[in-house]
Amino acid sequence: MSDNFDPFDPIAGAMRAMHQGNMLAAAEAKAKAEEEKMKAMLYAGNELARVLDDVAQATQLDAISRAVVIATIAKWNRAKTGQL
């Protein structure tokens, strides 16, 4: 905007309204993208926890490996609920 701002100039008002609309649309698009990213991360984490649970049930793991797998699943569950 220029230094000689005239609030009664219809073109300046239209440009300002368009700019504010663009800013709002950009903010909404960013929020939606963040929401989609969070959904994807939650899905991936849940799938990883599911696979780790299957691994924990396997009889081929030694006690230390099984404990690490179980602790990882527990940590993911705490992270999902914001308890970290």
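Quick look at the structure, then. On a predicted model such as this, the values are computed, not experimentally measured, just so you know.

Conventions and cut-offs
Residues numbered from 1 in each chain as written. Predicted model: local features only at pLDDT ≥ 70, side-chain atom pairs only at ≥ 80, totals over all residues. Heavy atoms only, no water. Helix = DSSP H or I, 4+ residues; strand = E, 2+ residues; numbered from the N terminus. Buried < 20%, exposed > 50% of the residue type's maximum accessible area, 1.4 Å probe, protein only. Areas by Shrake-Rupley, 256 points an atom, 1.4 Å probe, with all protein chains shown as cover. Lys, Arg positive; Asp, Glu negative; His and termini not counted. Charge placed at Lys NZ, Arg CZ, Asp CG, Glu CD. Expected span 1.5 Å × (residues − 1). Salt bridge = Lys/Arg side-chain N within 4 Å of Asp/Glu carboxyl O. Axes fitted to C-alpha atoms, helices over the stretch in contact; angles between N-to-C directions. Parallel < 35°, antiparallel > 145°, perpendicular 65-115°, else oblique. Left-handed = near helix turned anticlockwise from the far one by under 90°. Contact = heavy atoms within 4.5 Å. Nonpolar A, V, L, I, M, F, W, Y, C, P; charged D, E, K, R; others polar. Patch = residues over 30% accessible without salt bridge, like charges linked within 9 Å, V, L, I, M, F, W, Y side chains within 5 Å. Polar contact = N/O pair within 3.5 Å; in protein donor to acceptor, adjacent residues only side chain to side chain.

### Some thoughts on the overall build of the protein
No. 1: Across its full length, the protein holds two helices and zero strands.
No. 2: The C-alpha extent of the protein, read off along each of the three principal axes, is 80 × 20 × 15 Å.
No. 3: The buried share of the protein, taken over its 84 residues, is 8%.
No. 4: Summed over all atoms, the accessible surface of the protein reaches about 7000 Å², with 63% contributed by carbon and sulfur.
No. 5: Counting 10 positive and 11 negative side-chain charges, the protein places the averaged centre of each group 9 Å from the other.

### Comments concerning helix α2 (residues 63-80)
No. 1: A rise of 1.5 Å per residue sets the reference length of α2, with its 18 residues, at 26 Å; its end C-alpha atoms lie 26 Å apart and thus fit the reference within 8%.
No. 2: G82 sits one or two positions beyond α2 and adopts a positive phi of about 75 degrees.

### So, the pattern of salt bridges
No. 1: A complete count under the given rule lists three salt bridges for this structure.
No. 2: One salt bridge connects E35 with K39, and the closest N-O pair in it is separated by 3.6 Å. Linking E35 with K39, this pair stays in helix α1 (residues 10-57), spanning four residues, or about one helical turn.
No. 3: Using a relative accessible area of 47% as the deciding quantity, one classes K39 as partly exposed.
No. 4: One network of salt bridges, with partners in common, ties together E47, R50 and D54.

### Focus: the packing of α1 against α2
No. 1: For the pair α1 and α2, the least separation of the axes is 9 Å and the interaxial angle reads 155 degrees. When the axis of α1 is compared with that of α2, the two are roughly antiparallel. Considering how the two elements wind past one another, α1 and α2 form a crossing that is left-handed. Between α1, through M41, L42, G45, N46, A49, L52, D53, V55 and A56, and α2, the contact on the second element is made entirely by R66, V69, I70, T72, I73, W76 and K80.
No. 2: Per-class residue counts for the contact of α1 with α2 are 10 nonpolar, three polar and three charged.

### What to know about a nonpolar patch on the surface
No. 1: Residues I11, M15 and M18 make up a contiguous nonpolar surface patch of about 330 Å² in total accessible area.
No. 2: Here M18 shows up in helix α1.
No. 3: Note on M18: relative accessible area 47%, which makes it partly exposed.

### A look at α1
No. 1: Between the first and last C-alpha of α1 there are 70 Å, a value that for 48 residues agrees with the 70 Å anticipated at 1.5 Å per step.
No. 2: Along α1, the positions that sit buried rather than exposed are A12, G45, A49, L52 and A56.
No. 3: For α1, the secondary structure elements touched by its buried residues are α2.
No. 4: With a side-chain oxygen lying 3.2 Å from the backbone nitrogen of I11, the N-terminal cap of α1 falls on D9.

Geometry only, nothing functional implied.
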